[in-house]
Amino acid sequence: MTGSTLSLGKGVRLRLWLGEFVLGPRFARRLALSHAIDDFGDAMINLALVGSLFLSISLDASRSRVTLYLILTAVPLVLVAPVIGSVLDRTRFGYRLAISGSQMLRAVVSLAMIGSLLTLALFPLTFLVLVSRKAYALAKAALLSQIAGDSEALLRSDAHIARTGTIVGGIGTVLGGLLLATDHVEVMLVIAASAFAAAALVSQGLANPAPTVRLRSIPSLRDAIPTRIRTATIAVAAVRAAGGALTYLLAFAIKRGGGDDWIFAAGLLVAGLGGLLANLLATKIHRTLEPETVLVLVLLVPGVVCALGVVTIGNLGVLAIAFSIGLGSAVGTRTITILNASVPRLARARSIARSEFVFQLASLIGAILAVQFAPTPNAGFAVSSLVLVSVGFAFSFHQRRALREHASRLLLGDQAPAIDRRLPDALIAEAQRLATLGAYRMAIVVAAAAVDILVEREPLLVDSAEFTDWAALETELTDVRSSDAQPGEEVMAAVLGCGDALLRAASTDVPPRFEVRQPLL
């Protein structure tokens, strides 16, 4: 009986593991399906653009057209990234609308591209595709971070979604390559439009995250994002820039010809395999190593491989370089996903949008430099090695200094006391700082102390409408004081919002830290 039960338990665990490996975590399965179909459509439309911007014209002409394409790619980043993060942080339904809306827009534009691939009309249509693609990427990443329960669930689901997207997108690339080789570009665009429409239909069933607070609760993104994430983002941007350069170094090497075309084409494939392997191993890597240690390896390993590959100057060196950069880029991106999970939900979408903006801009810069200077692969790999190793050592040095500063803060406090401010104002400011760090219980207690002192100093406040709102929170305040459980964001925001309103009612000299508002949607 015991052996049978044990065997049954193992069988159930195996089925659960296989189900999660193939389908992903339950909460993210629909998003994974939508993303896989989206990547299939992207593969089709990307190859249609490659055929018109790159393969069908001369080397010099392709350089100018590809540069214009990359510049058009950068513009949507500048326009979309600063806006969509703020919008998604303020509305509950914005995620699903941004995802399905961007997919429907690309479906329509794909059909409009038929017959326009060799005309100037291609560029404004391409611009629309790129804008909607950036909006989709940011919304997808932000939604996933909201519906994942913890950092490990976020890492597992993010790696699974990336893995399924890579596999299905690879299938789309193979099919699109066959259609491109047989001069059926219009068929590719029709398939892309159908895929985007199907993805939009699947996205309509995506779950909305729990409603967030209805406040402008964080005064600036700088306050919301820890220094740890900002420096880590810069580190990953270096390897993403190397990845952007790698793609066009190999692509232009293929364009030049010379007998080694196959090895450069294989390099592009191997870079994708490196990214796929990273998505398979990401969870295990981050269970074993700290994020900062992972990032040091993400920079130094590809940097050293690039240096060795340049010295050996052989086909195996090209494949090793491509694989290491693809692997490092994907592992670094997953690491930032883990770090962004620690950002309070009130600002998580903006933090993710900022990270994606930096990554994609870095990739574009690397690509533009590769296209404009068009060096040989070995020269480009040598520069990539220098950049990666330099940034790797700089990041490692910064981490040692950050550890010393962190130890100092533990001894001396995180910041100097606000000795030049009124005590209630200083306490509300401290409550706000604690809230941005996710310490909601401490933020509420400090805010309550600020209100007690304020009312003691100005007794007439008890007759104000602001104090009536504060008094209505008495039950929530009692629950927080009597329990060690972490309160929800809505309770925290309500307490801090009412406390700040009382502070402003007592003095017109205090600038508002919170602005109550209705959801945008």
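Residues numbered from 1 in each chain as written. Predicted model: local features only at pLDDT ≥ 70, side-chain atom pairs only at ≥ 80, totals over all residues. Heavy atoms only, no water.

Engineer: Just to check I follow, could you spell out the overall build of the protein chain for this structure?
Structural biologist: If you tally the helices and strands in the protein chain, you get 19 helices and zero strands. Taking all 521 residues of the protein chain together, the buried fraction comes to 50%. Considering only residue pairs separated by 6 or more positions, the protein chain has 83% of its internal contacts joining residues 24 or more positions apart. Only carbon and sulfur atoms are counted for the fraction: they give 66% of the accessible area of the protein chain, which is about 24,100 Å². (Helix = DSSP H or I, 4+ residues; strand = E, 2+ residues; numbered from the N terminus. Buried < 20%, exposed > 50% of the residue type's maximum accessible area, 1.4 Å probe, protein only. Contact = heavy atoms within 4.5 Å. Areas by Shrake-Rupley, 256 points an atom, 1.4 Å probe, with all protein chains shown as cover.)

Engineer: What's the story with the side chain of Ser100 in this structure? I'm lost.
Structural biologist: If you trace the backbone, Ser100 turns up in helix 4 (residues 94-113). Looking at Ser100, its side chain comes within polar contact range of the main-chain oxygen of Arg96, at 2.9 Å. (Polar contact = N/O pair within 3.5 Å; in protein donor to acceptor, adjacent residues only side chain to side chain.)

Engineer: Which parts of the structure should I look at to understand the confidence of the model for the protein chain?
Structural biologist: In regions of low pLDDT, the predicted coordinates are not meant to be interpreted in detail. In the predicted model, the protein chain carries a mean pLDDT of 77, and 75% of its residues have values of at least 70. Per-residue pLDDT, averaged within each element of the protein chain, yields its smallest value for helix 1 (residues 2-23) (52) and its largest for helix 7 (residues 185-203) (92). In this model residues 1-8 is a low-confidence stretch, pLDDT under 50, and it forms zero contacts with partners more than four residues away in sequence or in other chains. Across residues 213-219, confidence stays below pLDDT 50; counting only partners more than four residues off in sequence or on other chains, it has 30 contacts. (pLDDT = per-residue confidence, 0-100.)

Engineer: Looking at this structure, how should I read a nonpolar patch on the surface?
Structural biologist: Among the surface-exposed residues, Leu111, Ile114 and Val190 lie close enough to one another that they form a single nonpolar patch of about 230 Å² accessible area. Note that Leu111 resides in helix 4. (Patch = residues over 30% accessible without salt bridge, like charges linked within 9 Å, V, L, I, M, F, W, Y side chains within 5 Å. Salt bridge = Lys/Arg side-chain N within 4 Å of Asp/Glu carboxyl O.)

Engineer: What am I meant to see in the pattern of salt bridges here?
Structural biologist: Pairs can form between side chains of opposite charge once their charged atoms are near each other. Enumeration over the complete set of coordinates arrives at six salt bridges. Between Arg106 and Asp42 there is a salt bridge; the shortest N-O distance is 3.3 Å. Residue Arg106 is found in helix 4, and its partner Asp42 is found in helix 2 (residues 29-55); the two are separated by 64 residues along the sequence. For Asp42, a relative accessible area of 10% corresponds to the buried category. In this structure, the salt-bridge partner of Arg334 is Asp158, at a minimum N-O distance of 2.5 Å. Of this pair, Arg334 sits in helix 12 (residues 315-340) while Asp158 sits in helix 6 (residues 151-181), and the two are 176 residues apart along the sequence.

Engineer: Is there a simple way to explain the packing of aromatic side chains in this structure?
Structural biologist: What describes a pair of aromatic rings is the distance from one ring centre to the other and the angle between the planes of the rings. In this structure the tally under the stated criterion is zero aromatic pairs. Sitting over the face of the ring of Tyr136, Arg106 holds its NZ or CZ atom 5.2 Å from the ring centroid. (Phe/Tyr/Trp six-rings, centres within 6.5 Å; stacked < 30°, edge-to-face > 60°. Lys NZ or Arg CZ within 6 Å of the ring centre and 35° of its normal.)

Engineer: Looking at this model, I keep getting lost on the nonpolar core. Mind explaining?
Structural biologist: As a rule of thumb, nonpolar side chains are buried together in soluble globular proteins. Among the nonpolar cores identified, the biggest contains 73 residues, and Ile45, Leu70, Met113, Met188, Leu246, Tyr248 and Phe381 are the most heavily contacted of them. Look past the residues within four positions of Phe381 in its chain and what remains in contact with it is Leu246, Leu249, Leu250, Cys306, Val310, Val318 and Ile321. (Core = buried A, V, L, I, M, F, W, Y, C linked by side-chain atoms within 4.5 Å.)

Engineer: Mind showing me how you'd approach the packing of helix 11 (residues 291-312) against helix 12 here?
Structural biologist: A pair of packed helices is characterised by two quantities: the angle between their axes and the separation of those axes. Between helix 11 and helix 12, the shortest axis-to-axis distance is 9 Å and the interhelical angle comes to 165°. Comparing their axes, helix 12 and helix 11 come out roughly antiparallel. Every pair of crossing elements has a handedness; the one defined by helix 11 and helix 12 is left-handed. Contact residues: Pro291, Val294, Leu295, Val298, Pro302, Val305, Cys306, Gly309, Val310 and Thr312 in helix 11; Gly317, Ala320, Ile321, Ser324, Ile325, Gly328, Val331, Gly332, Thr335 and Leu339 in helix 12. (Axes fitted to C-alpha atoms, helices over the stretch in contact; angles between N-to-C directions. Parallel < 35°, antiparallel > 145°, perpendicular 65-115°, else oblique. Left-handed = near helix turned anticlockwise from the far one by under 90°.)

Engineer: Explanation requested: helix 7 in the structure shown.
Structural biologist: The end-to-end C-alpha separation of helix 7 is 27 Å, in line with the 27 Å expected for 19 residues at 1.5 Å each. Looking only at helix 7, the buried set comprises Val185, Met188, Leu189, Ala192, Ala193, Ala195, Phe196, Ala199, Ala200, Val202 and Ser203. (Expected span 1.5 Å × (residues − 1).)

Engineer: Where do I start with the packing of helix 16 (residues 440-457) against helix 19 (residues 489-506) in this structure?
Structural biologist: At a minimum axis distance of 9 Å, the contact between helix 16 and helix 19 shows a crossing angle of 25°. Of the possible angle classes, the one that applies to helix 16 and helix 19 is roughly parallel. Once helix 16 is placed against helix 19, the crossing between them reads as left-handed. Here Tyr440, Ala443, Ile444, Ala447, Val451 and Leu454 of helix 16 come into contact with helix 19, specifically with Glu489, Val491, Met492, Val495, Leu496, Gly499, Leu502, Leu503 and Ala506. Split into classes, the residues belonging to the contact of helix 16 with helix 19 amount to 13 nonpolar, one polar and one charged. (Nonpolar A, V, L, I, M, F, W, Y, C, P; charged D, E, K, R; others polar.)

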